[in-house]
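This is what each chain is made of:
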Amino acid sequence: MTEHPAPDLRRDLVTASRILFMKNILDGFGHVSARDPEDPETFLISRNMAPGLVSRADIMRLDFDGNDVENSGHRPFLERFIHASIYRHRSDVNAIVHSHTASVLPFSISKGSTLEPVMHMSGFLGARVPVYEVRDHGHLGCDMLVRNSEMGDELARTLGDEAVILMRGHGMTVVAPDVRLAVFRAVYTDVNARVQTAALSMGEYTALTPGEASAADETNSAQNLRTWALWETQVQNGCAD
Ligand SMILES: [Zn+2]
């Protein structure tokens, strides 16, 4: 039986999942997905399991209502609506990472500091990183998880045209035109958060201007295959860093 879509994309998704675990972006939770280029109103994502253990047989295909279109029988992630809603709202997005990365979380709850690009590798953070606040949408006393299309749509609208959105007291979601760039952006959002936190501890600091961020993003978007090749080899060799 012909695998749908191209086997390369399923392989990349498995590799992405393992890289993101190796880099401590994902732990036992979180997920990465890719839009199916042959049926763009569906996307590929693993079944509900720890990302570091994902293999090709665990990949399932869902529609924008979160339904399993191949009847795989696998149990999907509760937060699949993050992916479904963003793909529905953003035709330019073909890959999404959702994580609960500890370095980023302080910027989702701080009343004084916002995440912003402070180094050239994270120019994709742009002029602003929006924060999704569930309470602003009437979700009081909820468990913070994006567990239906209503919340997914709120998240997607708050994301707007940006590459990264923080979710207050929960985590972050990163989007990109392809899986490899989504992995790059997720990894360097974490690095940027750690650098910015270190700079904050020293006092005042200088961030990139929107013009610097845009120029750096343009350069790095063409360079991310270098890091992908390195990280892919590391996970294939079972190396942790
Ligand atoms: Zn989550």
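The rules behind each value
- Residues numbered from 1 in each chain as written.
- Predicted model: local features only at pLDDT ≥ 70, side-chain atom pairs only at ≥ 80, totals over all residues.
- Heavy atoms only, no water.
- Buried < 20%, exposed > 50% of the residue type's maximum accessible area, 1.4 Å probe, protein only.
- Helix = DSSP H or I, 4+ residues; strand = E, 2+ residues; numbered from the N terminus.
- Pairing = 2+ DSSP bridges.
- Salt bridge = Lys/Arg side-chain N within 4 Å of Asp/Glu carboxyl O.

Chemist: I tried to follow the pairing of strand β2 (residues 42-46) on my own but got confused; where do I start?
Modeler: For a regular strand, side chains alternate in direction, first toward one face of the sheet and then toward the other. Most of β2 is tucked away, with five of its five residues classed as buried. Burial of β2 is two-sided: the residues T42, L44 and S46 facing one way and the residues F43 and I45 facing the other way are all buried. As judged from the three bridges shared by strand β1 (residues 31-35) and β2, these two strands associate in the antiparallel manner. Bridge pairing in β2 places S33 opposite I45. Hairpin connection between β1 and β2: a loop of six residues separates the two successive antiparallel strands.

Chemist: How should the pattern of salt bridges be read in this particular structure?
Modeler: Oppositely charged side chains can pair when the atoms bearing their charge come close. Counted under the stated rule, the structure contains 15 salt bridges. Its salt-bridge partner being R88, residue D65 comes within 3.6 Å of it at the nearest N-O pair. In this pair, D65 is assigned in the loop between β3 (59-63) and α2 (80-89) and R88 in helix α2, connecting sequence segments 23 residues apart. A residue is classified by how much of its surface remains accessible, and R88, at 36% relative accessible area, is partly exposed. Note that D153 and R88 form a salt bridge whose closest N and O atoms lie 3.3 Å from each other. Taken together, the residues span a long stretch of sequence, with D153 in helix α4 (residues 149-159) and R88 in helix α2 at a distance of 65 residues. The exposure class assigned to D153 is buried, which follows from its relative accessible area of 18%. Three or more residues are tied together by salt bridges with common partners; here these are R10, D36, D39, R61 and E70.

Read these as geometric descriptors, not functional statements.
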